[in-house]
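Coordinates in review
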Amino acid sequence: MTTMLATDQRRAMLNKVPEVTVYFWIIKILCTTVGESFADYVNETLGFGLGKTTVVFSVALVAVLVAQFRLRQYVPSVYWLAVVLISVVGTLLTDNLTDGIGVPLWVSTAAFAVALAVVFAVWYARERTLSIHSIITTPREAFYWLTVLVTFALGTAAGDWTLELTGWSAGASILLPLGLIAAVFAAWKLGAGPVLCFWLAYILTRPLGANIGDFLASARDEGGAGLGTLGTSILFLGTILAVVVYLSVTHKDRIERSAARAELAPDPVGDRQV
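Residues numbered from 1 in each chain as written. Predicted model: local features only at pLDDT ≥ 70, side-chain atom pairs only at ≥ 80, totals over all residues. Heavy atoms only, no water.

Moving on, we get to helix H6 (residues 138–166). With 29 residues, H6 extends 42 Å from end C-alpha to end C-alpha; this agrees with the ideal 42 Å at 1.5 Å per step. Note on H6: the residue one or two positions beyond its end, Gly 167, has a positive phi of about 70°. (Helix = DSSP H or I, 4+ residues; strand = E, 2+ residues; numbered from the N terminus. Expected span 1.5 Å × (residues − 1).)

If you look at soluble globular proteins, the nonpolar side chains tend to sit buried side by side. Grouped together as the largest cluster of nonpolar side chains are 54 residues, with contacts concentrated most on Tyr 79, Trp 80, Tyr 144, Trp 145 and Trp 199. Contributions of two or more residues to this core are made by helix H2 (22–45), helix H3 (49–70), helix H4 (76–101), helix H5 (105–127), H6, helix H8 (194–217) and helix H9 (228–250). Setting aside anything within four residues of it in sequence, one finds Trp 199 in contact with Phe 120, Trp 123, Leu 130, Ile 132, Tyr 144, Thr 147 and Thr 151. Among the nonpolar cores identified, the runner-up in size contains seven residues, and Ile 174, Ile 181, Cys 197 and Leu 208 belong to it. (Core = buried A, V, L, I, M, F, W, Y, C linked by side-chain atoms within 4.5 Å. Buried < 20%, exposed > 50% of the residue type's maximum accessible area, 1.4 Å probe, protein only. Contact = heavy atoms within 4.5 Å.)

Once that is clear, we can look at a nonpolar patch on the surface. Taken together, Leu 46, Phe 48 and Val 56 make up a surface patch of nonpolar side chains, about 250 Å² in accessible area. By secondary structure assignment, the location of Phe 48 is in the loop between H2 and H3. By relative accessible area, which is 37% here, Phe 48 ends up partly exposed. (Patch = residues over 30% accessible without salt bridge, like charges linked within 9 Å, V, L, I, M, F, W, Y side chains within 5 Å. Areas by Shrake-Rupley, 256 points an atom, 1.4 Å probe, with all protein chains shown as cover. Salt bridge = Lys/Arg side-chain N within 4 Å of Asp/Glu carboxyl O.)

Another point: the packing of H4 against H5. Closest axis-to-axis distance for the H4/H5 pair is 10 Å, and the angle between their directions is 140°. As summarised for this structure, H4 and H5 are arranged oblique, according to the angle between their axes. Here H4 and H5 pass one another in a crossing that is right-handed. Across the interface between the two elements, Leu 93, Thr 94, Leu 97 and Thr 98 from H4 touch Leu 105, Ser 108 and Phe 112 from H5. Split into classes, the residues belonging to the contact of H4 with H5 amount to four nonpolar, three polar and no charged. (Axes fitted to C-alpha atoms, helices over the stretch in contact; angles between N-to-C directions. Parallel < 35°, antiparallel > 145°, perpendicular 65-115°, else oblique. Left-handed = near helix turned anticlockwise from the far one by under 90°. Nonpolar A, V, L, I, M, F, W, Y, C, P; charged D, E, K, R; others polar.)

Attention now moves to the packing of aromatic side chains. Working definition: an aromatic ring pair is given by the centre-to-centre distance plus the angle between the planes. In the structure shown here, the tally under the stated rule is 23 aromatic pairs. Arranged with centres 5.3 Å apart and planes meeting at 50°, the rings of Tyr 79 and Trp 145 form a pair that is tilted. Taken together, the positions of Tyr 79 in helix H4 and Trp 145 in helix H6 put the pair 66 residues apart, joining distant regions of the chain. Per residue, the accessibility class of Tyr 79 equals that of Trp 145, and both read buried. Considering the side-chain rings of Phe 120 and Trp 199, the 5.5 Å spacing of their centres and the 65° angle between planes classify their relative orientation as edge-to-face. Pair noted here: Phe 120 is in helix H5 and Trp 199 is in helix H8, with a separation of 79 residues, a long-range link. An identical accessibility class is assigned to Phe 120 and Trp 199; each is buried. Of note, Lys 28 hangs over the ring of Tyr 202, and the distance from its end group to the ring centre comes to 4.2 Å. (Phe/Tyr/Trp six-rings, centres within 6.5 Å; stacked < 30°, edge-to-face > 60°. Lys NZ or Arg CZ within 6 Å of the ring centre and 35° of its normal.)

What follows is the structure, encoded as structure tokens:
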């Protein structure tokens, strides 16, 4: 009876996050770029200021997360809208500490790193897993979104701190997070823990996307592409929309679909088992 009840509960809520495919990482990087460029556009170009910009995007994020939590399965449009908004809010958290209060970047980087470690520790102590392939309960989803928010804030602080230390240009600054992501990928291929590698890459895509956004938005005489924050935001939001529509139609990033394909694949060893 207990097993049947657990099975019914699992069926009632399918995995609430997408499969980690190339599409996942493409949209994730696009979202981090939007988080940087769109926050700067609203804050600086439109003149909202840090306080009002933070309030507006925080309210929007809460509204979308309410919709996300009410769903019983992964819906690409809602999920990725939440990621876009959480990328903006995560950026603004660091910006408020740095520009609003004057907290040094190394302090905010250390603080967010400790906060992330605490979230991971509590999540694992309660659920005994940190895998995103098991987001099938409300508590796990809550831990997941809290982790995502902290990784965006940490990635912003660490990325800005790196630029402060090195003084690199917008273009050159892309190379460091890109190289670190490549190292994480190589470690995963060589047998490193997939959960650890996933979250390391997830953190590193934040400074990568932000640096790409800075490069595209910066003026040409500063070594950038000259698109501006609005042009960069429109370009990446349009690309995100196109990929999300594609995934909504094809369902290529649904974990349940991937699991079904694995079950249908020939298994010469399994076929001999009773």
